[in-house]
Amino acid sequence: EPLVMNAFAIIYSDLMPIRIAGRMIFKHLRNVMDKNIQQRTEEEERVMNETGLSIDAVDDGRRMFMAALGSGSSGDEGSLTMTELIDSGIVETVVEIMEYES
């Protein structure tokens with residue numbers, strides 16, 4: 001049908017700027033994600049080399065830390081008070097893993 005084809009032609013030409021912008025945004029977000037994945041991989045390798053921990057232990061530590069951050073009462077997103085940090089058990093875990101003497 002010519003009317004249907006004409007309608008699709010109009011929509012196609014009207015949406016061209018949106019499609020181009022969408023591709024630009026996607027490319028930017030993909031680059032940001034790739035950069036962050038690379039930084040995380042490098043950080044994990046550094047932690048594993050310096051501590052001798054496995055990737056599973058590093059991931060477990062990250063999950064535990066993020067869970068502790070989520071339960072903070074200080075009102076600041078992504079932060080813990082000193083008491084909350086100590087009560088979370090993270091300090092004892094770090095002392096044990098790093099074999100610090102108290």
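Residues numbered from 1 in each chain as written. Predicted model: local features only at pLDDT ≥ 70, side-chain atom pairs only at ≥ 80, totals over all residues. Heavy atoms only, no water.

## A look at the overall build of the protein
We apply this condition: Helix and strand definitions here come from DSSP, where helices need a minimum of 4 consecutive H or I residues and strands a minimum of 2 consecutive E residues; each element is numbered from the N-terminal end. Classification of residues uses two cut-offs on accessible area relative to the type maximum, computed with a 1.4 Å probe and protein chains only: under 20% is buried, over 50% is exposed, and between them is partly exposed. The contact criterion used throughout is that any non-hydrogen atoms of two residues lie within 4.5 Å.
Looking only at helices and strands, the protein features four helices and zero strands. Starting at the N terminus, the α and β elements of the protein follow one another as α-α-α-α. Relative to its full complement of 102 residues, the protein shows a buried share of 7%. In the protein, the share of contacts with a sequence separation of at least 24, taken over all contacts with a separation of at least 6, comes to 16%.

## Some words on the pattern of salt bridges
To keep it simple, the criterion reads: For this analysis, a salt bridge means a side-chain nitrogen from Lys or Arg found within 4 Å of a carboxyl oxygen belonging to Asp or Glu.
Applying the stated rule across the entire model yields six salt bridges. A salt bridge links Glu43 to Arg46; the shortest N-O distance between them is 2.7 Å. Placement of both Glu43 and Arg46 in helix H1 (residues 2-51) is noted, with a separation of three residues, approximately one turn of the helix. For Arg46, a relative accessible area of 39% corresponds to the partly exposed category.

Everything listed here is a matter of geometry and, on its own, says nothing about what the molecule does.
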